[in-house]
Amino acid sequence: MVVRWISNIDLLASVLLIHLVDIFKQGEEGSTRMKIVVDLNRCQSYGQCVFAAPNVFRFHGEESLEFDYAPDDQQRIQVERAAAACPVQAISIGRTPEAKEPTDHSAASGGGAC
């Protein structure tokens, strides 16, 4: 019982540390978005991620994992719990720069064709 309690504290501390580091990085780099990478060679379809973050992870069929690779930041805590709950640690969470709206430079330059 004590060992399980200590592991839960360690899990919570690691999730908190990841979150604080990402907040710090976001302040330095500007606008970023969460990015999920799942090592499908490592994944054994235990489904702990599906229970922890059902809006992000789901099974297609019996064992094929599907997931939203760039979920909204409102899902951050659930995704962190899913990554921490994965028995084989197949889930990685990173940050990627937000895509800016593309600008159409051809209209500003008179159509573009010479």
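Residues numbered from 1 in each chain as written. Predicted model: local features only at pLDDT ≥ 70, side-chain atom pairs only at ≥ 80, totals over all residues. Heavy atoms only, no water.

**Observations concerning unusual backbone geometry**
(1) Moving on: Even without being a glycine, Ser-45 presents a positive backbone phi close to 60°.
(2) Moving on: In this structure, Ser-45 sits in the loop between strand E1 (32-38) and helix H2 (48-52).
(3) Moving on: Positive phi values are uncommon outside glycine, yet Gln-89 reaches one of about 50°.
(4) Moving on: Here Gln-89 shows up in the loop between helix H3 (76-85) and strand E4 (91-97). (Helix = DSSP H or I, 4+ residues; strand = E, 2+ residues; numbered from the N terminus.)

**Here's the deal with the nonpolar core**
(1) Moving on: Within the largest apolar cluster, 15 residues are counted, with the highest numbers of intra-cluster contacts made by Ile-36, Val-38, Cys-49, Val-56, Phe-57, Leu-65 and Ile-91.
(2) Moving on: Elements with a minimum of two residues in this core: E1, H2 and H3.
(3) Moving on: If near-sequence neighbours (up to four positions away) are discounted, Cys-49 is found in contact with Pro-54, Phe-57, Leu-65, Ala-82 and Ile-91. (Core = buried A, V, L, I, M, F, W, Y, C linked by side-chain atoms within 4.5 Å. Buried < 20%, exposed > 50% of the residue type's maximum accessible area, 1.4 Å probe, protein only. Contact = heavy atoms within 4.5 Å.)

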